[in-house]
Amino acid sequence: MNAFIAVVLVCANGIPMESCTEEKASEVRKVRVANELGCTSGWQEIIARTDMREEIGKTAYLKTECRRVKEPG
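Fair warning: this is a prediction, and the values are worked out from it, not measured in the lab. (Residues numbered from 1 in each chain as written. Predicted model: local features only at pLDDT ≥ 70, side-chain atom pairs only at ≥ 80, totals over all residues. Heavy atoms only, no water.)

1. A closer look at the pattern of salt bridges
Here is step 1 of the chain: Going through the model one piece at a time under the given rule, you end up with five salt bridges.
Here is step 2 of the chain: Of the charged contacts in the structure, one is a salt bridge between Arg53 and Glu54, with a shortest N-O distance of 3.9 Å.
Here is step 3 of the chain: The shortest N-O distance in the salt bridge between Glu65 and Arg67 comes to 2.6 Å.
Here is step 4 of the chain: When its relative accessible area of 31% is taken as the criterion, Arg67 is described as partly exposed.
Here is step 5 of the chain: One network of salt bridges, with partners in common, ties together Glu22, Lys30, Glu65 and Arg67. (Salt bridge = Lys/Arg side-chain N within 4 Å of Asp/Glu carboxyl O. Buried < 20%, exposed > 50% of the residue type's maximum accessible area, 1.4 Å probe, protein only.)

Take a look at the structure:
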């Protein structure tokens, strides 16, 4: 059975979208989700709980990635 990891990257506005990686992000959050649809939702709540919620859209933006991971066994 496969699972997915939703990766939310917070990058400064000066970093081009294609260059926004885990190494260049100011913050990286990872959450295990059940399916690919889970990668598209839920991250808003995660970011809303952080202090950087005020920066999003002003000095920073979010980029999300969905990674497939194999379950052990």
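2. Digging into the sheet that holds strand β1 (residues 2-12)
Here is step 1 of the chain: The strand order across the open sheet formed by three strands is β2-β1-β3, and the pairing between neighbours is antiparallel. The open sheet is flanked by β2 (27-33) and β3 (60-70), the only strands paired with a single partner. Averaged over all pairs of adjacent strands, the angle between strand axes in this sheet comes to 20°, irrespective of strand direction.
Here is step 2 of the chain: Here β1 runs beside β2; their pairing, made up of seven bridges, is antiparallel. Considered in β2, the bridge of Val8 is made with Arg29. (Pairing = 2+ DSSP bridges. Helix = DSSP H or I, 4+ residues; strand = E, 2+ residues; numbered from the N terminus. Axes fitted to C-alpha atoms, helices over the stretch in contact; angles between N-to-C directions.)

3. Here we look at the side chain of Glu27
Here is step 1 of the chain: Looking at the secondary structure, you find Glu27 in strand β2.
Here is step 2 of the chain: Side-chain polar atoms of Glu27 contact the side chain of Arg29, separated by 2.5 Å.
Here is step 3 of the chain: Setting aside residues up to four positions removed in sequence, Glu27 forms contacts with Val8, Leu9, Val10, Thr50 and Met52. (Polar contact = N/O pair within 3.5 Å; in protein donor to acceptor, adjacent residues only side chain to side chain. Contact = heavy atoms within 4.5 Å.)

4. A closer look at the state of the cysteines
Here is step 1 of the chain: A full pass over the atoms with the stated rule returns two disulfides.
Here is step 2 of the chain: Cysteine pairing in the protein chain follows 1-2, 3-4, where each cysteine in a disulfide is numbered by its order in the sequence. (Disulfide = S-S within 2.5 Å.)

5. Looking at the nonpolar core
Here is step 1 of the chain: Core analysis: the largest hydrophobic core is formed by eight residues, namely Ile5, Val7, Leu9, Cys11, Ile15, Cys20, Ala25 and Tyr61.
Here is step 2 of the chain: The leading source of residues in this core is β1, at four residues.
Here is step 3 of the chain: Apart from the residues within four sequence positions on either side, Ile15 is in contact with Cys20, Lys24 and Tyr61.
Here is step 4 of the chain: Formed by five residues, the second largest nonpolar core is a distinct cluster that contains Val8, Val10, Met52 and Ala60. (Core = buried A, V, L, I, M, F, W, Y, C linked by side-chain atoms within 4.5 Å.)

6. With respect to the pairing of β1
Here is step 1 of the chain: When you tally the buried positions in β1, you get nine out of 11 residues, the bulk of the element.
Here is step 2 of the chain: Alignment of β1 against β3, held across 11 bridges, turns out to be antiparallel. When the bridges of β3 are listed, Val7 appears paired with Glu65.

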